[in-house]
Structure formats: structure tokens, C-alpha cells
Amino acid sequence: MRRRGNMEDKMQQFVPGIVEGQRQFYVVPEVGPVERHWLVPGTFGPRSYGPTIDHPLGSDPTPGWYAADGTRLARDPREGEIE
């Protein structure tokens, strides 16, 4: 298992995707804009996130988590590995 350095964790805020295994997801909150998240499935480790208007979810998506291609996920990807 490779141990990430503190600098890599800090860079995550500026360069999404720098952390090995990190993938892009979207979350639609009950209230507020769609957010883009870069995170490693199965961990609550380094991530980068923020609101986005550029997403594949359409104009009125249902609240929840989505894969980068717009596929709805059954749970928060941080809670386990996503196929």
C-alpha cells in the first residue's frame, strides 16, 4: 500500500484526480446546486468538491449520488467500492 504524502493531499484541492484511484462523482443535495466530487471510493480521504453547472444529470435530477456518466448510485461512494 502506497502512503500518500501531505503535499499530495494538499495538491488535491487544486488538481482533481492526482490521488491514485480517485474518480469523479456528482451529488444532488436536497437543497442547493449539483456538486462535483473527486474522491476515492471506499475512503473518506482526500477529496475536492464544489458546485457545478456542467453535469450529465439533466435539468431536475433526483437527490442522491451519481457516477461521472450520470448513472445513479445506491449509496455514497465513500462507503464502499463502486464497480
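In short, a report on the structure. Just so it is clear, the structure is predicted and the values come from calculations on it, not from any experiment.

### Some thoughts on the sheet that holds strand 4 (residues 64-67)
Turning to step 1, where the next piece is worked out: What the 4 strands build is an open sheet, ordered 3-2-1-4; its pairing is antiparallel. Of all strands in the sheet, those with a lone pairing partner are strand 3 (48-51) and strand 4, marking the two edges. When strand polarity is set aside, the average angle formed by the axes of neighbouring strands in this sheet is 25°.
Turning to step 2, where the next piece is worked out: Relative to strand 3, strand 2 (residues 35-39) runs antiparallel, the two being bridged by 4 bridges. Opposite His37, over in strand 3, you have Tyr49 as the bridge partner.

### Some remarks on the nonpolar core
Turning to step 1, where the next piece is worked out: One finds Phe25, Val27, Leu39, Trp65, Ala67, Leu73 and Ile82 forming the largest nonpolar core, which totals 7 residues.
Turning to step 2, where the next piece is worked out: The set of elements that each furnish at least two residues to this core consists of strand 1 (23-28) and strand 4.
Turning to step 3, where the next piece is worked out: Ignoring anything within four residues of it in the chain, the contact list for Leu73 reads Phe25, Trp65, Tyr66, Ala67 and Ile82.
Turning to step 4, where the next piece is worked out: Ranked by size, the runner-up nonpolar core spans 5 residues in total, among them Tyr26, Val28, Val34 and Leu57.

### Some remarks on the pattern of salt bridges
Note on pairing: side chains with opposite charge can pair once their charged atoms come close.
Turning to step 1, where the next piece is worked out: The full count for this structure, using the stated rule, is 2 salt bridges.
Turning to step 2, where the next piece is worked out: Residue Asp54 is joined to Arg36 by a salt bridge in which the shortest nitrogen-to-oxygen separation is 4.0 Å. Of this pair, Asp54 sits in the loop between strand 3 and strand 4 while Arg36 sits in strand 2; the two residues are 18 residues apart in sequence, bridging distant segments of the chain.
Turning to step 3, where the next piece is worked out: Judged by its relative accessible area of 56%, Asp54 falls in the exposed class.

How each quantity is defined
- Residues numbered from 1 in each chain as written.
- Predicted model: local features only at pLDDT ≥ 70, side-chain atom pairs only at ≥ 80, totals over all residues.
- Heavy atoms only, no water.
- Pairing = 2+ DSSP bridges.
- Helix = DSSP H or I, 4+ residues; strand = E, 2+ residues; numbered from the N terminus.
- Axes fitted to C-alpha atoms, helices over the stretch in contact; angles between N-to-C directions.
- Core = buried A, V, L, I, M, F, W, Y, C linked by side-chain atoms within 4.5 Å.
- Buried < 20%, exposed > 50% of the residue type's maximum accessible area, 1.4 Å probe, protein only.
- Contact = heavy atoms within 4.5 Å.
- Salt bridge = Lys/Arg side-chain N within 4 Å of Asp/Glu carboxyl O.

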